[in-house]
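As a plain string of letters, each chain reads:
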Amino acid sequence: MNAERFRDRWGVPHLRAGDPLALATAQGRVTAYDRAWQIEVERHRAQGTSAAFLGADALGWDRFARQVRLDDTARRCHAALDPATAAWVGAYVAGVNAGLAAGAARAPEFAATGLSPGRWQPWTPLAIWLGHHLLFAGFPSKLWREHVARRLGPDARDLFATDGPAVAGSNGWLLAAERTGTGAALLAGDPHRFIEDPGVYQQIRLACPEYDVVGLAMPGVPGIAHFAHAGAVAWAITNAMADYQDLYAERLRRQRPVVEALGPDGWRPAHTHVETIEVAGADPVEVEVVETERGPVIVGGPDESSAISLRYPPRVRAELGFAALPELLRARSVADVDRALRHWVEPVNVVQAADTAGGLLHRVAGAVPVRNPENGRGVVPAWRAEYAWRGWYAPLPRADVAGRAVMANERGLAAPLGVEFAPPHRAHRIAELLDAGHAWTAERLAAVHTDTYLASAGPLLAILAGVTGLGPDADALRERLLRWDRRMAADSTDAADFAVLRSAVVRRLAAHPALAALAEPPAYPEVFAPWLALTPRVGYALSHLLGGARLPGVDVAALVRTAAEEVAGAADGQVRWGDLHRLAPWRALPDPDAGPGPRLGGDHDCVLSTSSVPGVTHWCFRGPAARFVWDLARRDDSRWVVPLGACGVPGDPHHDDQSPAWLAGELLPVTTGWEKLTEERDEH
């Protein structure tokens, strides 16, 4: 049969076709129609051509994409695909190309920028996937640790150990049948990413005679990789926080016409060529692309005193793991999911899965190289053989599930594979909440998703409790905060007062002479700036810095006392946290007239992880990009929600119709009965 397209009441596309290739074409076509602007921006970002219509603000990313050889890596990975997977990806691309013109015609951003829809290449979905995940492993944190070690000494390298301000994370948990009220397992979670408009996840259903899968796809990529319910089995992931990308200090010299790099075997020729980046409203910019035997040079170059190359698995192996995607769609059991994950490469994830026969899975999937532990801590010399890669970590860690399993980017299952992990607060709180309840259902789990208890407030409050000599206003502030329930609820005035005090402490600590050497970031490309700014680093590591990693020469009690006196007059118990903590989604084409976004509860270390940057802004840029609960007893009892809506077109009824539910912490029903859906017969 030809592909059929249905929608539920929220505009979510449900696609049905006679075979997987026709279904992939239909997925590409509906994605182009619903998300044309979004996926064309991502295509251009992957190519390093976005500045041509977005202007100079996009130049930093385009330069990095060219230097890291993102598009070329995607081409290599595509060329290495098995024929069946390549055909499946090709069918998706054909659908995108068939639907782009109609999609662009309804998206006002194309006219606003003068952009015309382009033509997708067979490897474009791989390039988009790599563009989304290349920074997931946080290799720029190695630049930061190198900066700290050089300025404060090697012993200070781990002072700021925590998940950084630009690292994506997630919550996830699995409840075995004996812990639920349904007689089958429940699988739940919420991926934390920068909140984007349109949203980074696409709710979709893909059905053909071989499978029927509902889940959260990534626009521009076929299948449903990370969060899906296939009826008999469901799966979900979080970022494993594994370390699998290395930075090498390179010695380069220009021997006309060749550039050479010093490696363990002496000077060897490097690949070089020059590319031109077009910039809207400005002159074109030339970029020299250099690649050594370690990898592409992303800092410096042949004519500078220092250069740094990046070695990352997809470039080394010519694999992203796309062969897993069609295999996952066909999965009927956790054993099938487990088997499909043998292909997985990028990014490295902690995976949970459950099936209707009682099978449970909790494991790490991806490609992690075996090498010297120092590779994970900073930049290592390219010319020394002891820092070369020596094969791949295998087998990857896995664990049995006894009643329940929790994953929240903490130092747990993936501990042998990483260096820095998220603080344990979210994982511990989820476990505590789950253990306090019984007979869990999908609907009841919304209370876990939206819990606002902030355990990381403890170190600051403990210091505040012991401070002496406060004035009347500051003393009143202290008494309020010591009585506070530590919930970052949107309507809480105590939460707002805590956040104001925390920001003052962060700013004073960042300005302290003990950290003065870190105030000026190193001269690295601007794309790495979020990892190299001192105040955000202090803000996210504050509990660590006030607790077990005290800075030499810093009287934290005096610092907290001064901060409390500073903010006491303004922190009068009248402002609510949600008045300060506003959603600020990222848009490729910013709206200069946009006012403050909606009010939010939560905080970085809450289960409701809505991240601001303490000491810089209370506004939220990163949070739950979706929430879901997969019910293995009955798929239609599953629940999900996204921050905006199913459609990426401004003004469409389904552009932001899920926002009220997302803001209220509600989950919407997953509807799969075809008779309850509305068929769309128009051609686009």
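Conventions adopted
- Residues numbered from 1 in each chain as written.
- Predicted model: local features only at pLDDT ≥ 70, side-chain atom pairs only at ≥ 80, totals over all residues.
- Heavy atoms only, no water.
- Axes fitted to C-alpha atoms, helices over the stretch in contact; angles between N-to-C directions.
- Helix = DSSP H or I, 4+ residues; strand = E, 2+ residues; numbered from the N terminus.
- Parallel < 35°, antiparallel > 145°, perpendicular 65-115°, else oblique.
- Contact = heavy atoms within 4.5 Å.
- Pairing = 2+ DSSP bridges.
- Core = buried A, V, L, I, M, F, W, Y, C linked by side-chain atoms within 4.5 Å.
- Buried < 20%, exposed > 50% of the residue type's maximum accessible area, 1.4 Å probe, protein only.
- Patch = residues over 30% accessible without salt bridge, like charges linked within 9 Å, V, L, I, M, F, W, Y side chains within 5 Å.
- Areas by Shrake-Rupley, 256 points an atom, 1.4 Å probe, with all protein chains shown as cover.
- Salt bridge = Lys/Arg side-chain N within 4 Å of Asp/Glu carboxyl O.
- Left-handed = near helix turned anticlockwise from the far one by under 90°.

1. Notes on the packing of helix α14 (residues 458–466) against helix α16 (residues 493–510)
Across the interface, α14 lies against α16 with an axial gap of 12 Å and an inter-helix angle of 85°. The orientation of α14 with respect to α16, classified from their angle, is roughly perpendicular. When α14 is examined against α16, the residues Leu 460, Leu 461 and Leu 464 are found in contact with a partner set consisting of Phe 498, Leu 501, Arg 502 and Val 505.

2. Overview of the sheet that holds strand β11 (residues 258–263)
Taken in spatial order, the 4 strands make up an open sheet running β10-β11-β12-β13, and their pairing is antiparallel. If you trace the sheet from one side to the other, it starts and ends with β10 (252–255) and β13 (285–291), each paired once. Each strand of the sheet is rotated relative to its neighbour by a mean of 35°, with strand direction disregarded. Relative to strand β12 (residues 266–277), β11 runs antiparallel, the two sharing 5 bridges. Pairing of Gly 263 across the sheet is with Gly 266, part of β12. Taken strand by strand, helix α3 (residues 59–67) contacts β12 and β13, and its axis lies near 35° from that of β13.

3. A few points about the sheet that holds strand β6 (residues 211–217)
What the 9 strands build is an open sheet, ordered β17-β16-β8-β7-β6-β5-β2-β1-β25; its pairing is mixed. Taken across any chain shown, the strands that pair with only one partner, and hence form the sheet edges, are β17 (360–365) and β25 (678–680). This sheet shows a mean twist of 20° between the axes of neighbouring strands, independent of strand direction. The pairing of strand β8 (residues 233–239) with strand β16 (residues 349–355) spans 7 bridges and is classified as antiparallel. If you follow Thr 238 over to β16, its bridge partner there is Val 350. Those strands touched by helix α1 (residues 20–47) are β1 (4–7), β2 (13–16), β5 (202–208) and β6, and its axis lies near 155° from that of β5.

4. Regarding the nonpolar core
Among the nonpolar cores identified, the biggest contains 186 residues, and Phe 64, Phe 160, Trp 235, Leu 445 and Phe 528 are the most heavily contacted of them. Sequence-distant contacts of Leu 445, that is, excluding residues within four places in its chain, are made with Trp 173, Leu 175, Leu 186, Ala 188, Leu 434, Trp 440 and Val 629. Residues Ala 240, Val 350, Val 368 and Leu 417 belong to the second largest nonpolar core, which totals 16 residues.

5. Concerning a nonpolar patch on the surface
Together, Phe 194, Trp 619 and Phe 621 line one region of the surface with nonpolar side chains, adding up to about 270 Å² of accessible area. Mapping Phe 194 onto the fold places it in strand β4 (residues 186–194). Phe 194 sits in the partly exposed class, given a relative accessible area of 38%.

6. A few points about the packing of helix α15 (residues 472–483) against α16
Across the interface, α15 lies against α16 with an axial gap of 10 Å and an inter-helix angle of 120°. The orientation of α15 with respect to α16, classified from their angle, is oblique. Viewed along their axes, α15 and α16 form a crossing whose handedness is left-handed. Taken together, the residues of α16 that come into contact with α15 (itself represented by Leu 477, Arg 480 and Leu 481) are Asp 494, Asp 497, Phe 498 and Leu 501.

7. Overview of unusual backbone geometry
Following Asp 197, the chain continues into Pro 198 via a peptide bond in cis, with omega recorded as 5°. Locating Pro 198 in the fold gives a position in the loop between β4 and β5. A cis amide bond links Ala 394 with the next residue in sequence, Pro 395, at an omega value of -5°. Within the secondary structure, Pro 395 is located in the loop between β18 (380–381) and β19 (404–407). Positive phi, normally seen in glycine, also occurs at Met 241, with a value near 60°.

8. A look at the pattern of salt bridges
The tally for this structure, following the rule as stated, stands at 55 salt bridges. Of the charged contacts, one joins Asp 603 and Arg 502 as a salt bridge, the two residues approaching to 2.7 Å between their closest N and O atoms. Pair noted here: Asp 603 is in the loop between α21 (577–580) and β20 (611–613) and Arg 502 is in helix α16, with a separation of 101 residues, a long-range link. Per residue, the accessibility class of Asp 603 equals that of Arg 502, and both read buried. The salt bridge partner of Glu 679 is Arg 681, with a shortest N-O separation of 3.0 Å. Taking relative accessible area as the criterion, Glu 679 reaches 29% and is therefore assigned partly exposed.

9. Description of the environment of Val 348
If you trace the backbone, Val 348 turns up in the loop between α11 (334–340) and β16. Judged by its relative accessible area of 0%, Val 348 falls in the buried class. Here the alpha-carbon distance between Val 348 and Ile 237, two residues 111 residues apart in the chain, equals 9.6 Å. Ignoring sequence-local partners within four residues, the contact set of Val 348 consists of Asn 239, Ala 240, Ala 242, Tyr 244, Val 364, Ala 365, Gly 366, Ala 367 and Val 368.

10. Here we look at the side chain of Asn 375
By secondary structure assignment, the location of Asn 375 is in the loop between β17 and β18. Asn 375 has contacts with Lys 142, Asp 243, Asp 246, Tyr 248, Val 380, Tyr 387 and Trp 389, leaving out every residue within four places of it along the chain.

By themselves these figures say nothing about function.
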